[in-house]
Amino acid sequence: MKYRSIIYSALGIALFGVVVCGVMVYYVIYADRVSVHFLDVGQGDAVLIMHGTYQVLIDGGADQTRLLEALGRIIPFWDRTIETVIATHPDADHIDGLIGVFTHYAVRQFWHTGFTRDDSSVFTALSHAVEFEKGVEEVLPYVGTTLFLNHFTQLRILTPQSALACDTTTCDSNAHSIGALLTIGATTFYLGGDLPSSVEDLLAMPSPVTVLKASHHGAKTSTSDLFLTKTAPHDVVISVGAHNRYGHPHHEVLSRLADHSARVLRTDHSGTITYSCTQEQCYVATERLYGQ
C-alpha cells in the first residue's frame with residue numbers, strides 16, 4: 001500500500017507538471033496573437049474573439065449544445081471564464097446559445113441593448129441565467145464605447161447611438177443591434193449583428209474593411225451596394241445555416257458581393273472560420289473545405 005501511494009503521488013505530480021507546461025506553452029504561443037472565430041452554429045450568429053485566455057463572445061446562435069461544443073474545441077479546458085459576452089439584440093438565433101454559456105462558464109461582463117422581449121421564452125430564460133450568475137457587470141454600450149484587448153486590439157461600438165435609444169416595446173430590435181468595429185493592428189473586422197441597410201449606410205466606416213460579417217445572415221435588407229462601395233471589404237463572412245427556411249444568403253446579396261470582387265466565406269459551407277492575427281497581418285483557416 002505504501003508503494004502504491006508513492007506511485008500515485010508521483011503520477012499526480014507528473015500530471016500537474018504536464019498541465020503547467022501546457023499552460024506555459026499556450027501563453028508563449030498565443031501571447032502576441034488575437035484570433036477571431038466565426039463559429040458554425042447553424043442558422044444564427046456567434047463570434048469568439050480571443051487573446052490568450054481573454055475571450056469576448058458576440059452572440060451565441062440558437063443551439064446551446066452546438067455553441068458549447070464549438071467553444072470547447074477552441075477554449076482551453078482549464079479556462080472556465082469568458083470575460084465579456086455581448087448580445088447584439090434579443091432574437092433567439094443570437095441569444096439562445098448564451099443561456100448555456102452562463103450555465104457552464106463564469107462571465108465577467110454582459111453587454112446588451114437593454115431591449116426586453118416579454119413574448120420570448122428564450123429571452124426570459126437568458127435573463128434568469130444572467131441573474132443566477134452572481135457578480136456579472138451589465139453594460140449598455142453605445143457609439144464610442146470601446147473594449148481594449150491588448151495594445152493593438154480594440155473593439156469599438158458603432159451602434160446604437162445611445163443606451164436604450166428608444167421604447168423597447170415598439171422599436172425594431174434589428175435596427176438597434178449592437179454593431180462594432182474590431183481593429184487588430186492593421187486589420188479591421190465589421191460586426192454588425194442584424195443591422196439593416198438603413199442603418200449601415202449611415203455608419204462612418206474606414207475603407208477598406210478587411211473582413212465584413214454580412215449582417216442578418218446575408219438577408220437582402222442588409223449589405224447594400226452603397227455599404228460595400230464604402231467599405232470595400234476583402235472578405236465577407238456569412239454566418240448561416242445550411243438549407244435554412246429563410247433563404248439566406250439572398251441571391252441579390254451574393255450578386256452584389258460578386259460585383260465588388262469580395263471573397264465570400266460561409267459557415268454552412270466551410271464550418272467555423274478562423275482568423276489568426278498578429279499586429280501586422282491575419283491568416284484565415286476554415287474547419288472544412290467547401291464540398292466536404
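Notes on the structure follow.

Cut-off values and rules
Residues numbered from 1 in each chain as written. Predicted model: local features only at pLDDT ≥ 70, side-chain atom pairs only at ≥ 80, totals over all residues. Heavy atoms only, no water. Disulfide = S-S within 2.5 Å. Helix = DSSP H or I, 4+ residues; strand = E, 2+ residues; numbered from the N terminus. Buried < 20%, exposed > 50% of the residue type's maximum accessible area, 1.4 Å probe, protein only. Arc of directions from axis to C-beta. Contact = heavy atoms within 4.5 Å. Pairing = 2+ DSSP bridges. Axes fitted to C-alpha atoms, helices over the stretch in contact; angles between N-to-C directions. Phe/Tyr/Trp six-rings, centres within 6.5 Å; stacked < 30°, edge-to-face > 60°. Lys NZ or Arg CZ within 6 Å of the ring centre and 35° of its normal.

A word on the state of the cysteines. Applying the stated criterion across every chain yields a total of one disulfide. Cys277 shares a disulfide with Cys282; S-S distance 2.0 Å. Between Cys277 and Cys282 the disulfide shows an S-S torsion of about 110°. By sign, it is right-handed.

Our focus in this paragraph is unusual backbone geometry. Note the cis peptide between Thr159 and Pro160, where omega equals 5°. Relative to the elements of secondary structure, Pro160 occurs in the loop between strand E8 (153-159) and strand E9 (179-184). Cis peptide bonds are those with omega within 30 degrees of zero, and the linkage from Ser207 to Pro208 qualifies with 0°. Inspection of the secondary structure assignment puts Pro208 in the loop between helix H5 (197-200) and strand E11 (211-213). Phi at His217 is positive, roughly 60°, even though this residue is not glycine. Notably, Thr223 is not glycine yet its phi reads approximately 55°, a positive angle.

Among the residues making up helix H7 (residues 251-259), those that are buried are Val253, Arg256 and Leu257. The buried residues of H7 occupy one face: seen down the axis, they fall within an arc of 100°. Residues His251, Ala258 and Asp259 are exposed on H7 and point more than 90 degrees away from its buried face. Looking at the buried side of H7, the elements it contacts are helix H6 (225-231), strand E12 (235-238) and strand E13 (263-266). Phi turns positive one or two residues past the end of H7, at Ser261, with a value near 60°.

Another aspect to go through is the sheet that holds strand E5 (residues 106-111). One open sheet accounts for eight strands, arranged E6-E5-E4-E3-E2-E1-E14-E15; its pairing is mixed. Each edge of the sheet is formed by a strand with only one pairing partner; in this case those strands are strand E6 (137-139) and strand E15 (282-286). Adjacent strand axes in the sheet meet at a mean angle of 20°, parallel and antiparallel pairs treated alike. Its contacts with the sheet put helix H3 (residues 92-104) on strand E3 (54-58), strand E4 (81-86) and E5, and the angle it makes with E4 is roughly 155°.

Attention shifts here to the sheet that holds E8. Strand order in the open sheet formed by seven strands is E7-E8-E9-E10-E11-E12-E13, and the pairing between neighbours is mixed. This sheet does not close on itself; its edge strands, each paired only once, are strand E7 (146-150) and E13. Shown here is a sheet whose adjacent strand axes are inclined to one another by a mean of 20°, direction ignored. Pairing geometry for strand E10 (residues 187-191) and E11, over three bridges, is parallel. Looking across to E11, one finds that Phe189 is bridged to Val211.

For the rest of this paragraph, the subject is the packing of aromatic side chains. How two aromatic rings sit relative to each other is given by the distance of their centres and the angle of their planes. Scanning the model with the defined rule gives five aromatic pairs in all. Where Phe77 meets Trp78, the ring centres are 5.3 Å apart and the plane angle is 80°; that geometry is what we call edge-to-face. Here Phe189 and Tyr275 contribute two aromatic rings whose centre-to-centre distance is 5.4 Å and whose plane-to-plane angle is 80°, an arrangement assigned as edge-to-face. One end of the pair, Phe189, is in strand E10; the other, Tyr275, is in strand E14 (residues 273-277), with 86 residues separating them in the sequence. On the basis of relative accessibility, which here comes to 4%, the residue Tyr275 falls in the buried class. Sitting over the ring of Tyr105, Arg80 keeps its end group 4.4 Å from the ring centre.

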